[in-house]
Number of protein chains: 2
Amino acid sequence: MNRATPNKFKAVASFAVVSMCVACTSFTDLGSTMSLAPKVILIIGDGMDDQQITIGRNYLVGHNGRLIVDDLPYRGSIQVQTLAEDDPSVPVYVGDSASGATAIATGVATSEGRIGTTANSDLDVANLMELADAAGFGTGIVTTSSVTDASPASFMAHIEYRYCDTPDAMERENTRMPQDSTSCGQDRVANGGLGSVVEQVATSKMDIVLGGGSDKFTVTVDGEPGTTVLEQAKSNGYTVIQHLADLDRLPAENRVLGLFSPGHLPVRSRGVNGAKAEYIDRVGDKVVWPEPFACEANPEFIGMPTLAAMTKAAIGRLNSDAGFMLMVEAASIDKEAHYWRPCGSIGEMEQLNEAVQVALDYAKSHPETLIIVTSDHGQSAHIIPEVSNLALQEFASRGRFARLLTPEGGIMGINYATNDSPLWEDHSGVQVPLYASGPGVEDLPRFLKQSDIFHIAATHLGLGVGQQHSDSRK
Amino acid sequence: MNRATPNKFKAVASFAVVSMCVACTSFTDLGSTMSLAPKVILIIGDGMDDQQITIGRNYLVGHNGRLIVDDLPYRGSIQVQTLAEDDPSVPVYVGDSASGATAIATGVATSEGRIGTTANSDLDVANLMELADAAGFGTGIVTTSSVTDASPASFMAHIEYRYCDTPDAMERENTRMPQDSTSCGQDRVANGGLGSVVEQVATSKMDIVLGGGSDKFTVTVDGEPGTTVLEQAKSNGYTVIQHLADLDRLPAENRVLGLFSPGHLPVRSRGVNGAKAEYIDRVGDKVVWPEPFACEANPEFIGMPTLAAMTKAAIGRLNSDAGFMLMVEAASIDKEAHYWRPCGSIGEMEQLNEAVQVALDYAKSHPETLIIVTSDHGQSAHIIPEVSNLALQEFASRGRFARLLTPEGGIMGINYATNDSPLWEDHSGVQVPLYASGPGVEDLPRFLKQSDIFHIAATHLGLGVGQQHSDSRK
């Protein structure tokens, strides 16, 4: 980020408020009408578009079944927002978790790869957690990814580029996305910046952060030889937990940092024996349709906390008269779709579904809770016929294809065909779902932009937008 | 179809009512609480999934813009429904316009290719138009396809297979869909059936039918040498119109059959000089990203009525104290996506958007009007990065790809990669949108099945489900 002058900050604020707040009017009085301190539980399915929800439903509860989200009282659509880094007046129609989560967390659209900073001008923009903390609310983040990954990072950090996630990473040029070839030099502590993502997580003021990524915390703090980032986090008041059983005995006072895996948490489900979508074979002119497979429990998931268990623990830690802002992410709907693994995505959809149920259970006795369920961007998976409709059988997708045996006895064809790269699939710019439950959701417009979610949450908590600039970030 | 005994009919009815009517309860009293005769305008975007809506929005009104449907007061999701022909207890996760529109029109899920008949048992099931007509309502169908195409046919006909659309077609075996290799022999008039689709349209009791397909009506009626189907339609009381200007002088009494094109109506928009998505070239290891193109007016559309003009004419014809049931279809969102032509789909999305505005304008002075906007199934188009996110530029989709220059100065990447066939792309089984406006829509559940739409419309019109079996079809 750059050190912004007050005037520069004001310009950003006024953009966020004037241009992007479709939902503000209908939500203006929500915070103040609640007798108890308001709570927000924002649940993000990373890559959870309508395809992923349908895949999850068909597999988990059958084509006649209903997911928990299906019965939430509000459903709308969200236009994803991404801007060109070179010229932020030009839209980019497909974003990533960094731009998507930053729009949700800060109310300001940005370019791909950016975390809590504006496109091109590189200004820091305050996020919901900082604003909620400054206003005295409890704050929590729960994710199945590394806690330094783009989505959680967008709620804790401000940096030019998501992959500048450790001091080490900032010593090399990051070129994973061609448009963002950077080593985030201006963000280094030595240069007066806030440091890498993991350092910003370690020095954050969150009450509770649960997920994976312990490996990231073993590195040395920039400019402090001999001090690991984990030690930095502890100095900042974090009690670090690393085992499932620790969730039952969280410290009542200290900040909590739960790191249950070296990297992202392993997913719950996988294809039998690791089966995933593959390129379809042809023998001469004939398509050899791949053998169908089912999903099975992923052995690597043993000993991992479920998203529901982490969500429950976080709510338990945050539940107080102060109210709270909690973000919960099922991160690997996206990651597994990137790698052609439908069963992995389905397991994460199941985790999200269970976490929504935990939130609803809490809201039953705490009706001042606003539950929001949405996604940061669309993904590549696409339900198509398990054997093509075309009479002539020599035709089939050129992408990776899975034929998934569903528990109800059907076969679901799932196609991944956005890219022939051996690395991963691309995202989609499709509008994504918004579900909600809680006070006032019936008055929400049915179509919103990603940045509106920031305003809905901020308004429910009664965070004046003026507060967006009163937090203590330097 | 088969001649069903009353008992057989009852079994189908009870399935439709008991198993599939999620929305009935909340809609029970709508019809009776209206002081004026209720009206339903059901608008179907063929293949209009969330991708197509987003593509249309980004191109037509920009990424910060709003389509008319975006501002309707209700938005939900619809699970598409298709069953296996061999064993209807087994779900098929991707359907077609026949199965999709039949579920919407009759409240009964069926197998691919079937029109108004049940999977495997081949029973006729009454549709909304027949029930509305029997109850004294006006009935109308407006479409940009041939009026014999699967979606309109599902509201007028009962036949084993959609491509048995003329007596001639029923003399050859239809094998376009491998699972439905049939010549619909039992449906031939000579065999005691209702005849081909076009004959059933000609003998239907609709008040107004507007679309394309005049070529289908030039064939000879089965068993009546010397009589064309067009003459058959006239004998049945249809005044036939074929020119745009005729829409302004519809006969007040006669049924109206408007056939404005030999086949489907030409679409409004096309890529500049006919540009469409194409396979991406590679030179050595390098991807040659295709040149971006914009959309332009399709010269073939000159002289054609817009969907809005046809909708307005149909509403004008049907507007009376009797109330009405009108189905309006933007048919070629789907057809153009099948053929890799994003501009064609966008033009049809624009047509649908305008037709929704016509319906809203009418409902302003007729608040007893229920407007429903939905889709029969998902399609193949997929918004992906216009140049892949991957740093190494040699990777790209193996499907057909278009880079669309948007009027707001962006480039939208649209991928078609469900099938390498030279014939067409496959459909998708994704859940599709449901939008609604009018009395009681705020009480609709946010997730429904396709067959629920039948019940919502029938309930608004006060059509007792018992009536489903009292219509006069033999």
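So, how was this worked out
Residues numbered from 1 in each chain as written. Chains lettered and ligands numbered in written order. Predicted model: local features only at pLDDT ≥ 70, side-chain atom pairs only at ≥ 80, totals over all residues. Heavy atoms only, no water. Helix = DSSP H or I, 4+ residues; strand = E, 2+ residues; numbered from the N terminus. Buried < 20%, exposed > 50% of the residue type's maximum accessible area, 1.4 Å probe, protein only. Contact = heavy atoms within 4.5 Å. Areas by Shrake-Rupley, 256 points an atom, 1.4 Å probe, with all protein chains shown as cover. Pairing = 2+ DSSP bridges. Axes fitted to C-alpha atoms, helices over the stretch in contact; angles between N-to-C directions. Least-squares fit on C-alpha atoms with pLDDT ≥ 70 in both. Buried area = accessible area lost by both parts, 1.4 Å probe. Salt bridge = Lys/Arg side-chain N within 4 Å of Asp/Glu carboxyl O. Parallel < 35°, antiparallel > 145°, perpendicular 65-115°, else oblique. Nonpolar A, V, L, I, M, F, W, Y, C, P; charged D, E, K, R; others polar. Core = buried A, V, L, I, M, F, W, Y, C linked by side-chain atoms within 4.5 Å.

Draft legend 1. Region of interest: the overall build of chain A. Of the regular secondary structure elements, chain A holds 13 helices and 18 strands. Counting every position in chain A, which comprises 474 residues, the buried fraction comes to 65%. The long-range fraction of contacts in chain A, counting pairs at least 24 apart against all pairs at least 6 apart in sequence, stands at 77%. Carbon and sulfur atoms make up 52% of the accessible area of chain A, which amounts to about 15000 Å² in all.

Draft legend 2. Looking closely at the sheet that holds strand β17 (residues 432-437) of chain B. Residue and element names in this part refer to chain B. Pairing is mixed in the open sheet, where 10 strands are placed in the order β5-β6-β4-β3-β12-β1-β13-β17-β2-β18. The two strands at the open ends of the sheet, each matched to only one other strand, are β5 (238-241) and β18 (447-449). Within the sheet, the average angular offset between the axes of one strand and its neighbour, ignoring direction, is 20°. Taken together, the 7 bridges between strand β1 (residues 39-45) and strand β12 (residues 324-330) define a ladder with parallel strand orientation. Paired with Ile41 across the two strands is Leu326, which belongs to β12.

Draft legend 3. Representation of helix α13 (residues 450-460) of chain A within the structure. Residues and elements named next belong to chain A. With 11 of its 11 residues buried, α13 lies for the most part within the structure. All of the buried residues along α13 are Gln450, Ser451, Asp452, Ile453, Phe454, His455, Ile456, Ala457, Ala458, Thr459 and His460. Where α13 ends, the next residue or the one after it, Gly462, has phi of about 70°, a positive value.

Draft legend 4. Local environment of the relation of the copies chain B and chain A. Placing chain B over chain A gives an RMSD of 0.0 Å and needs a rotation angle of 180°, together with 0.0 Å of translation along the axis. In short, the pair behaves as if placed about a two-fold rotation axis. Most of the interface of chain B is mirrored in chain A, where 100% of its interface residues are also at the interface.

Draft legend 5. A look at the sheet that holds strand β2 (residues 74-79) of chain A. Residues and elements named next belong to chain A. Strand order in the open sheet made by the 10 strands is β5-β6-β4-β3-β12-β1-β13-β17-β2-β18, with mixed pairing throughout. Looking at strand neighbours, the two that pair on one side only are β5 (238-241) and β18 (447-449), the edges of this open sheet. For this sheet, the mean angle separating the axes of adjacent strands, direction not counted, is 20°. Across 4 bridges, the pairing between strand β4 (residues 208-212) and strand β6 (residues 255-259) is parallel. The residue bridging Val209 from the neighbouring strand is Leu257, located in β6.

Draft legend 6. View of the interface of chain B and chain A. Each partner contributes to the interface: chain B provides 76 residues, whereas chain A provides 76 residues. A combined buried area of about 6200 Å² lies between chain B and chain A, and 52% of that area is made up of carbon and sulfur atoms. Joining chain B to chain A, the criterion identifies 2 salt bridges. For B:Arg282, the salt bridge is made with A:Asp420, and the minimal N-O distance between the two is 2.9 Å.

Draft legend 7. Fine view of the packing of helix α4 (residues 50-60) of chain A against helix α12 (residues 342-365) of chain A. Residue and element names in this part refer to chain A. One way to put it is that α4 packs onto α12 with a least axis distance of 9 Å and a crossing angle of 85°. Taken together, the axes of α4 and α12 lie roughly perpendicular to each other. Contacts from Gln52, Ile53, Ile55, Gly56, Tyr59 and Leu60 in α4 reach Ser345, Ile346, Met349 and Glu350 in α12. Among the residues forming the contact of α4 with α12, the class breakdown is 6 nonpolar, 3 polar and 1 charged.

Draft legend 8. Region of the structure containing the environment of A:Asp122. With respect to the helices and strands, A:Asp122 occurs in the loop between α5 (97-106) and α6 (128-134). Sequence separation between A:Asp122 and A:Ile141 is 19 residues, and the spatial gap between their C-alpha atoms is 25 Å.

Draft legend 9. View of the nonpolar core. Residues A:Val40, A:Leu42, A:Phe155, A:Phe217, A:Leu257, A:Met325 and A:Ile372 are the most contacted members of the largest nonpolar core, which totals 63 residues. Ignoring any residue separated from it by four or fewer positions in sequence, one finds A:Leu42 in contact with A:Ile104, A:Phe155, A:Met325, A:Leu326, A:Met327, A:Val328, A:Ile372, A:Thr374 and A:Ile453. Formed by 62 residues, the second largest nonpolar core is a distinct cluster that contains B:Met129, B:Phe137, B:Phe155 and B:Leu434.

Geometric descriptors of this kind do not, in isolation, establish any biological role.
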